[in-house]
Amino acid sequence: MGKAYTAAVLNALIIGLSFMFVKLALEFASPLDTLAHRFTISFAAAILLIVCRVITVNIRLRDILAILPLGLLYPALFFGFQSFGLLHASSSEGGILMAAVPIFTLFLASVFLKERTNAWQKLSVSVSVAGVIFIFVMQGASIDLTHLSGLLLLLLSTLCMAGYSVMARPLAKKYKPMDITFIMLAIGFVSFNAAALGKHAISGTWSQFIEPLANPTFLLSIAYLGILSSLVTALTTNYALSKMEASKMSVFGNLGTLVTIIAGVIFLGEPLFYYHIIGAIMILAGVLGTNLLGSKTQLPTSKKTASM
């Protein structure tokens, strides 16, 4: 389990830093173009690793069909709903809704995977989610119901992430993490490039799709997002889900909020306020509680103990 927890923490670290690189990339390209370039890099990196025999992939047609629904949930539908949702709602509203992923995951995992959590674990998940929401609210964020269409799309993206965690759990036990990851990246590559190129073909703006690639900052951002935040995080997530329950894995996602705050303070000169520290303590307590306060298996009573 040690490797699984390491993978989960690494996943949170990479995703937490990714928000900074997303901000940089969006200065030069639209969200859809950024996603297209991101998954082009990630898919190309996966192909290169296979060609160099660093990794191996053994996939048959029936495997593709089995993993296809997972790839449609994430990355295709998740990023699709998120991108269009953020056109009609604020990023802070998206952050608040994304914080609820562990709650949705816990519910779906209990229904479809029959995962059982005790009252302390449920409380820990709630504390972690509350820590993230507390930070956003103290920063002035709120849910504006006039953004209803955007909020509904963001809610759907949140449900897609929770559904991915639940669906990936049994698949991760059956298939190698790299096999699942490769199909997910292929779906992202095809989906977002088709959408972006189709949009530019209709509007006749091909140059807007290519121009950002001449900028070093954009290339650096896309390299991070494509290789680390797509390829590596997919691998770490699929590996962790093969070893731990979906409800335990999902709460690690809230650690990404801490990393985002720390990165903002260190690299972007953003201020650190008291509510960041309070929220961070709540998030950490929630993550630790969810993973350490599970039901302990009782050891069988020995004959010696029984006779005493």
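Presented here is a report on the structure given in the accompanying data block. (Residues numbered from 1 in each chain as written. Predicted model: local features only at pLDDT ≥ 70, side-chain atom pairs only at ≥ 80, totals over all residues. Heavy atoms only, no water.)

Some words on unusual backbone geometry
- Tyrosine 74 connects to proline 75 through a cis peptide bond whose omega is 20 degrees.
- Relative to the elements of secondary structure, proline 75 occurs in helix 3 (residues 61-88).
- With a phi close to 60 degrees, arginine 53 is a non-glycine residue in the positive phi region.
- Inspection of the secondary structure puts arginine 53 in the loop between helix 2 (31-51) and helix 3. (Helix = DSSP H or I, 4+ residues; strand = E, 2+ residues; numbered from the N terminus.)

Description of the packing of aromatic side chains
- Inspection of the entire model under this criterion finds 13 aromatic pairs.
- Plain terms: the ring middles of phenylalanine 43 and phenylalanine 182 are 5.4 Å apart, the flat faces sit at 40 degrees to each other, and that makes the pair tilted. Separated by 139 residues along the polypeptide, phenylalanine 43 in helix 2 and phenylalanine 182 in helix 8 (residues 177-203) bring together distant segments of the chain. Pair check on accessibility: phenylalanine 43 and phenylalanine 182 agree, each one buried.
- A centroid spacing of 5.1 Å and a plane angle of 20 degrees characterise the contact between phenylalanine 43 and phenylalanine 189, whose relative ring orientation is stacked. A residue pair is termed long-range when its members are at least 10 positions apart, and phenylalanine 43 in helix 2 and phenylalanine 189 in helix 8 qualify at 146 residues.
- By relative accessible area, which is 17% here, phenylalanine 43 ends up buried.
- Looking at phenylalanine 189, the relative accessible area reads 27%, which means it is partly exposed.
- Three or more aromatic residues joined by ring pairs make a cluster, and in this case those are Phe39, Tyr74, Phe78, Phe79, Tyr164 and Phe192. (Phe/Tyr/Trp six-rings, centres within 6.5 Å; stacked < 30°, edge-to-face > 60°. Buried < 20%, exposed > 50% of the residue type's maximum accessible area, 1.4 Å probe, protein only.)

Here's the deal with the nonpolar core
- Ranked by size, the top nonpolar core spans 66 residues in total, and within it Leu70 and Ile180 carry the most contacts.
- In this structure, isoleucine 180 is in contact with Ile67, Leu70, Leu171, Ala172, Tyr175 and Asn238, ignoring residues within four places of it in sequence. (Core = buried A, V, L, I, M, F, W, Y, C linked by side-chain atoms within 4.5 Å. Contact = heavy atoms within 4.5 Å.)

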